[in-house]
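So the chains spell out like this:
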Amino acid sequence: MKRNIFGLVIALLLVAAVARTAQATEVGYSRKFGLGFVLGDPTGLSAKLWVGPTNALDFGLGFWGYGVNDPCFHNNNCSNYGYGGGTFNADYLWQSNIVRSTAQLDWHVGVGGRGVWRNGDCGDCFALAVRAPIGLDLMFVNPGWLELFFEIAPAFYVVPGFGFGIEGGLGVRFYF
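First, a word on what this report is: a plain description of the structure on this page. (Residues numbered from 1 in each chain as written. Predicted model: local features only at pLDDT ≥ 70, side-chain atom pairs only at ≥ 80, totals over all residues. Heavy atoms only, no water.)

1. Details of the overall build of the protein chain
A tally of regular secondary structure across the protein chain gives two helices and nine strands. Starting at the N terminus, the α and β elements of the protein chain follow one another as α-β-β-β-α-β-β-β-β-β-β. Classification of the 176 residues of the protein chain by burial places 38% in the buried group. Taking the contacts inside the protein chain whose residues are at least 6 apart along the sequence as the reference set, 54% of them involve residues at least 24 apart. (Helix = DSSP H or I, 4+ residues; strand = E, 2+ residues; numbered from the N terminus. Buried < 20%, exposed > 50% of the residue type's maximum accessible area, 1.4 Å probe, protein only. Contact = heavy atoms within 4.5 Å.)

2. Points about the environment of Asp106
Along the chain, the position of Asp106 falls in strand β5 (residues 103-118). For Asp106, a relative accessible area of 4% corresponds to the buried category. Distance from Asp106 to Leu136, taken between C-alpha atoms, is 5.8 Å for residues 30 residues apart in sequence. Here Asp106 is in contact with Gln95, Ser96, Asn97, Ile98, Gly135, Leu136, Asp137 and Met139, once residues within four sequence places are set aside. At a separation of 3.0 Å, a polar atom in the side chain of Asp106 contacts the side chain of Gln95. (Polar contact = N/O pair within 3.5 Å; in protein donor to acceptor, adjacent residues only side chain to side chain.)

3. Points about the environment of Val116
Summarising the element assignment, Val116 is placed in strand β5. The buried category is assigned to Val116, whose relative accessible area is 5%. In sequence terms Val116 and Pro42 are 74 residues apart; their C-alpha atoms lie 9.9 Å from each other.

4. With respect to the pairing of strand β2 (residues 43-50)
Counting buried residues along β2, six of its eight residues qualify, which places the element largely inside the surrounding structure. Examined bridge by bridge, strand β1 (residues 33-41) and β2 share six bridges and lie antiparallel to one another. Its bridge partner lying in β2, Leu35 is registered against Ala47. Here β1 hands over to β2 after one residue, the two strands then running antiparallel side by side. (Pairing = 2+ DSSP bridges.)

5. A word on unusual backbone geometry
For the peptide bond that leads from Asn142 to Pro143, omega is 5°, which places it in the cis range. Structurally, Pro143 can be placed in the loop between β7 (134-140) and β8 (146-159). Here the bond from Val159 into Pro160 is cis, since omega is 5°, no more than 30 degrees from zero. Its location among the elements puts Pro160 in the loop between β8 and β9 (163-175).

6. Description of empty space enclosed by the protein
On inspection of all chains with the given rule, the structure shows one cavity of 30 Å³ or more. Counted as a void, the largest cavity has a volume near 140 Å³. As for the largest cavity, its lining consists of 17 residues, of which Val38, Pro42, Asn89, Arg131 and Glu151 are closest to the centre. Elements supplying a minimum of two residues to the lining of the largest cavity: β1, β2, β3 (55-64), β8 and β9. Looking at which element gives the most residues to the lining of the largest cavity, the answer is β9, with four residues. The class makeup of the residues in the lining of the largest cavity is six nonpolar, five polar and six charged. (1 Å grid on protein atoms, 1.4 Å probe; cavity = no way out; pocket = protein on both sides within 12 Å on 5 of 7 lines; lining within 4 Å. Points joined across faces, edges and corners; volume = space filled by probe spheres on them. Nonpolar A, V, L, I, M, F, W, Y, C, P; charged D, E, K, R; others polar.)

7. Re the packing of aromatic side chains
How two aromatic rings sit relative to each other is given by the distance of their centres and the angle of their planes. Summed over the entire model, instances satisfying the criterion amount to four aromatic pairs. Ring geometry for Tyr92 versus Trp94: centroids 4.9 Å apart, planes at 75°, classification edge-to-face. Given a relative accessible area of 29%, Tyr92 falls into the partly exposed group. Exposure remark for Trp94: the relative accessible area of 42% places this residue in the partly exposed category. Residues Trp145 and Phe174 carry aromatic rings whose centres are separated by 6.0 Å and whose planes lie at 35° to one another, so their mutual orientation is tilted. Taken together, the residues span a long stretch of sequence, with Trp145 in the loop between β7 and β8 and Phe174 in strand β9 at a distance of 29 residues. In this structure Trp145 comes out as partly exposed when scored by relative accessible area, which is 37%. Phe174 gets classed as partly exposed once you look at its relative accessible area, which sits at 33%. Seen from the ring of Phe149, Arg173 lies directly overhead, with NZ or CZ sitting 3.9 Å from the centre. (Phe/Tyr/Trp six-rings, centres within 6.5 Å; stacked < 30°, edge-to-face > 60°. Lys NZ or Arg CZ within 6 Å of the ring centre and 35° of its normal.)

Purely spatial values, then, with no claim about function.
Next comes the structure, spelled out in structure tokens:
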């Protein structure tokens, strides 16, 4: 019996000595704030602040009228689009791990809001929406400060009238 326990202890010590500790990305763990850019709707700046191990606040500040909702591309009426307006969104995200290896793939879902303003002589120069983003986040062990993300967000506009839109984009964030 003593030889079996002694053999088990020796085997466990050998396994512990040979085993390598798993490395993880620094995003969301030691680096809590990321800043980057997103292409899509909206096109602009993106920021993410981790407030817990699986929760984050996501912010976007962009140009309104670029991306999939760009009417300037379709009818050449560009007076109220692009640099003449902007958009701001803020979302609370719940994030969960899908794959963890040399890269970490997470998915997220959230709820938040979006404000859109346009310059010019329009009757409805401001809009508010409730949005529900869902997306994928790819983080790396090396470099541990980089995050690539893809997101789609159904948006329900409540001001100035009711409406529905699909927002989304592909982006990158650098963590500090």
